[in-house]
Amino acid sequence: VELERTQPSGSDTIKRQPIVIFLTDGQPTDLLPDEIITQITELNSEAKRSPIFALSFGGGADKQFLQKLSIRNSGFSRHIYDDADASLQLEGFYRQITSPLLSDVTFKYAPTTTSLTKAKFPIYFGGSEIVVAGFCGTETPIPMIDGTGVAGEVSFKPAVFENISNMERLWAYMTIKQLLEKKEASDGDKQNLTKQALDLALKYNFVTPVSSLVVVKPNDTSAVDTEEATQASRFPGAGSYGTGFSALAIAPAFDHLQVVNKVQTIAFTTNVPIYASSTPRSPLEILLDVLPWLNAILENESIQTPKGNFKLGVNETITDIIPCPKTPMDKEGHCTLLHECPQVHAELQTSTKFFDHFCILKNEFAGVCCPN
């Protein structure tokens, strides 16, 4: 990495992008975590900055420290669990970074395009995608995309298509996600970043780590305080969820938690957006909304996994109790169908994460390690 960083410009016709991968137990020894992050980030601040990816092993790993280190240095962290499918976890990670195609990728828009999400990316890997969202007014913007390939600097002018869906919600979701990532990597200003994310979550009715979802049971009026329930229904973001349920995104403040207690509701957080619906939906449709990455590996209600094709079994009920070593919450659990373990959905942000906790039921169904 140091040779590549210090190599004089023009001395080689092939441009290389250095990458750093830490294989670690995630336990700082000589310095405090913040001191390590500061020193590494300062050393990694020159022109040829290296994305840093962290792979942690063992139950004592400081995942928050490694996540902060990686985000600060344009990478990401993964925890490798010590169970039978550790090799699959490593393979999944390697597939994500195995083919870097461009570095220093920048999307450039006209000044009339505002409120852009992240538009600069240190590296683009084959098989991945880059999404930039913003407000462009009445004119469709035509961006320029600059980057560096093996032969040097390149520029692209992509084909432009009119959008056919509600892109504003996509912009809001991406902005919230990036604000929360900044909060994780920031030493200060966490309160302001949290407030910005919360304001957007409430405005667009998203359930996030800084907001909650309240689901009120239908026809259950005996436990409802009428005045407080009416106030709750006027809360920004109120809507419907499923059939016969009312739902609203709330800030996790004390007053609103009082309402939660009185109406006997369910409050939980998730990283996945919850969309309002007024018509009955199939279990598969609901699962695909919560876990959108399933679309990429789904075919005829079966999913493609590194171990073969297995049925999702969204209309099945399996009572077999099969122990598994590690759930996404880092606990022992049992193998169950994916739709029967909603408590892990928030942790399964990618198919790779799912494969980390994948298990097989009755030799034909795809399962996930679910907490006991």
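Residues numbered from 1 in each chain as written. Predicted model: local features only at pLDDT ≥ 70, side-chain atom pairs only at ≥ 80, totals over all residues. Heavy atoms only, no water.

**Comments concerning the packing of aromatic side chains**
So, point 1. Counted according to the given criterion, the structure contains twelve aromatic pairs.
So, point 2. Geometrically, the ring pair formed by Phe76 and Phe93 is edge-to-face, given 6.0 Å between the ring centres and 75° between the ring planes. Taken together, the residues Phe76 in the loop between α3 (63–72) and β3 (77–80) and Phe93 in helix α4 (residues 86–97) connect sequence positions 17 residues apart.
So, point 3. Centroid distance Phe135 to Trp171: 4.8 Å. Interplanar angle 70°. Geometry classified as edge-to-face. Taken as a pair, Phe135 in the loop between β5 (120–125) and β6 (144–149) and Trp171 in helix α5 (residues 167–185) lie far apart in primary sequence, 36 residues in all.
So, point 4. By relative accessible area, which is 31% here, Phe135 ends up partly exposed.
So, point 5. Chaining the aromatic ring pairs together yields one cluster made of Trp293, Phe310, Phe354, Phe355 and Phe358. (Phe/Tyr/Trp six-rings, centres within 6.5 Å; stacked < 30°, edge-to-face > 60°. Helix = DSSP H or I, 4+ residues; strand = E, 2+ residues; numbered from the N terminus. Buried < 20%, exposed > 50% of the residue type's maximum accessible area, 1.4 Å probe, protein only.)

**Details of the sheet that holds strand β7 (residues 152–156)**
In a beta sheet, neighbouring strands pair by backbone hydrogen bonds and run either parallel or antiparallel.
So, point 1. Taken together, four strands build an open sheet; the order of strands is β5-β4-β6-β7 and the sheet is antiparallel. Edge positions in the sheet fall to β5 and β7, since each has one partner strand and no second. Each strand axis lies, on average, 30° off the axis of its neighbour in the sheet, ignoring direction.
So, point 2. Here strand β4 (residues 100–108) runs beside β5; their pairing, made up of five bridges, is antiparallel. In the sheet register, Thr106 faces β5, and the bridge partner there is Lys120. (Pairing = 2+ DSSP bridges. Axes fitted to C-alpha atoms, helices over the stretch in contact; angles between N-to-C directions.)

**Details of the sheet that holds strand β2 (residues 52–57)**
So, point 1. The strand order across the open sheet formed by three strands is β1-β2-β3, and the pairing between neighbours is parallel. Pairing within the sheet leaves two strands with one partner each, and these edge strands are β1 (20–24) and β3. Across the sheet, the mean angle from the axis of one strand to that of its neighbour is 15°, orientation sign disregarded.
So, point 2. Bridge analysis of β1 against β2 gives five bridges, and the strand direction is parallel. Its bridge partner being in β2, Thr24 is matched across the sheet by Ser56.

**Some details on the pairing of β7**
So, point 1. Pairing analysis gives five bridges linking β6 to β7, with the strands arranged antiparallel. Looking across to β7, one finds that Gly149 is bridged to Gly152.
So, point 2. Connecting β6 to the antiparallel partner β7 that follows it, the hairpin turn spans two residues.

**What about the state of the cysteines?**
A covalent bond between the sulfur atoms of two cysteines is what we call a disulfide.
So, point 1. If you walk through the whole model with that rule in mind, you get three disulfides.
So, point 2. Across a sulfur-sulfur distance of 2.0 Å, Cys341 and Cys370 are joined as a disulfide pair. Across the S-S bond linking Cys341 and Cys370, the dihedral sits near 90°, which makes this disulfide right-handed. Taken together, the residues Cys341 in the loop between β16 (333–337) and α11 (351–356) and Cys370 in strand β18 (residues 365–371) connect sequence positions 29 residues apart. Cys370 matches Cys341 in its accessibility class, with the two residues each being buried.
So, point 3. The cystine pairing of the protein chain, numbering bonded cysteines in sequence order, is 1-5, 2-4, 3-6. (Disulfide = S-S within 2.5 Å.)

**Topic: the side chain of Asp146**
So, point 1. If you trace the backbone, Asp146 turns up in strand β6.
So, point 2. A polar atom in the side chain of Asp146 sits 2.7 Å from the side chain of Ser155.
So, point 3. Leave out the neighbours within four places in its chain, and Asp146 touches Asp104, Val105, Thr106, Lys108, Val154 and Ser155. (Polar contact = N/O pair within 3.5 Å; in protein donor to acceptor, adjacent residues only side chain to side chain. Contact = heavy atoms within 4.5 Å.)

**Let's talk about the confidence of the model for the protein chain**
So, point 1. Per-chain confidence: the protein chain averages 76 in pLDDT, with 75% of residues scoring 70 or above.
So, point 2. The low-confidence segment residues 221–250 (pLDDT under 50) makes 69 contacts with residues lying over four places distant or belonging to another chain.
So, point 3. Contacts for the low-pLDDT stretch residues 252–279, under 50 throughout, to residues beyond four places or in other chains number 70 contacts. (pLDDT = per-residue confidence, 0-100.)

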